[in-house]
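# Architecture at a glance
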Amino acid sequence: MSRRDRRGAGAPGTGALRPTVSVCRGCCCGTPKIEGVDHAGLLAALRRPLDGVARVRVVDCLDACDQADVVVVQPSADGRRAGGRPVWLGLVNDADAIADIAGWVEAGGPGLVDPPGILDLYEFRPSRRVREELTED
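Here the structure is a predicted model, which is why all the values come from computation and not from measurement. (Residues numbered from 1 in each chain as written. Predicted model: local features only at pLDDT ≥ 70, side-chain atom pairs only at ≥ 80, totals over all residues. Heavy atoms only, no water.)

### Here we look at the overall build of the protein chain
Scanning the protein chain from terminus to terminus reveals 5 helices and 5 strands. The secondary structure elements of the protein chain, listed N-terminal to C-terminal, are α-β-α-β-β-α-β-α-β-α. Across the 137 residues that make up the protein chain, the buried fraction comes to 42%. Of the contacts formed within the protein chain by residues at least 6 apart in sequence, a portion of 68% connects residues at least 24 apart. Element-wise, carbon and sulfur atoms account for 49% of the exposed surface of the protein chain, whose accessible area totals about 7,500 Å². (Helix = DSSP H or I, 4+ residues; strand = E, 2+ residues; numbered from the N terminus. Buried < 20%, exposed > 50% of the residue type's maximum accessible area, 1.4 Å probe, protein only. Contact = heavy atoms within 4.5 Å. Areas by Shrake-Rupley, 256 points an atom, 1.4 Å probe, with all protein chains shown as cover.)

Laid out in C-alpha cells, this is it:
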C-alpha cells in the first residue's frame, strides 16, 4: 500500500485514523508455551473496550519470542502527527497489563497521551528488521 493510500484509508474513526493494536499469536505468543495464561480471555478483554476505538488485530509471529506475549500499539494518524511512534510491549500475560493498555489506547494512545507508568516495565525495543516488517502492511 502506498503512503497516499494509507493516509486516506477509511472514514473517520476507522483504519489509519484510529490506533492499531497488534497482538502476536505466532510460534510462542498465545500458545501453551506460555503456561498458565488464558490467551483467548486476554485477547477478548483487550477487544471489548477498544471496539470502535482502535483496530485490534492478531498477527503472526513478530520474532520477539523472548518477550512473549507481545503487543504493539501503533498511533492513530493524529498521534503520529503529534510525534507518536509504535510502542512494543512484551510479557503481556496478565489482565492488569491488558487493562492498562486498553485504557491508554481509549484515551488516545501514542503521541496523544502518555502511557501509564507501569507500562514502562513492559516496553522493549525489537530489532529494526522486526519493526519494519510490522509496518509494511
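Still more ground to cover, so stick around.
### Some thoughts on the sheet that holds strand 1 (residues 20-24)
Strand order in this open sheet of 5 strands is 2-1-3-4-5, and the pairing throughout is mixed. The sheet is open, and its two borders are formed by strand 2 (55-59) and strand 5 (123-124), each paired with just one other strand. Its contacts with the sheet place helix 4 (residues 95-107) against strand 1, strand 3 (71-74) and strand 4 (87-89), and it is angled at close to 10 degrees to strand 3. (Pairing = 2+ DSSP bridges. Axes fitted to C-alpha atoms, helices over the stretch in contact; angles between N-to-C directions.)

### Digging into the environment of P126
On the secondary structure map, P126 appears in the loop between strand 5 and helix 5 (128-134). Classification of P126 by relative accessible area gives buried; the value is 9%. Apart from the residues within four sequence positions on either side, P126 is in contact with W88 and R131.

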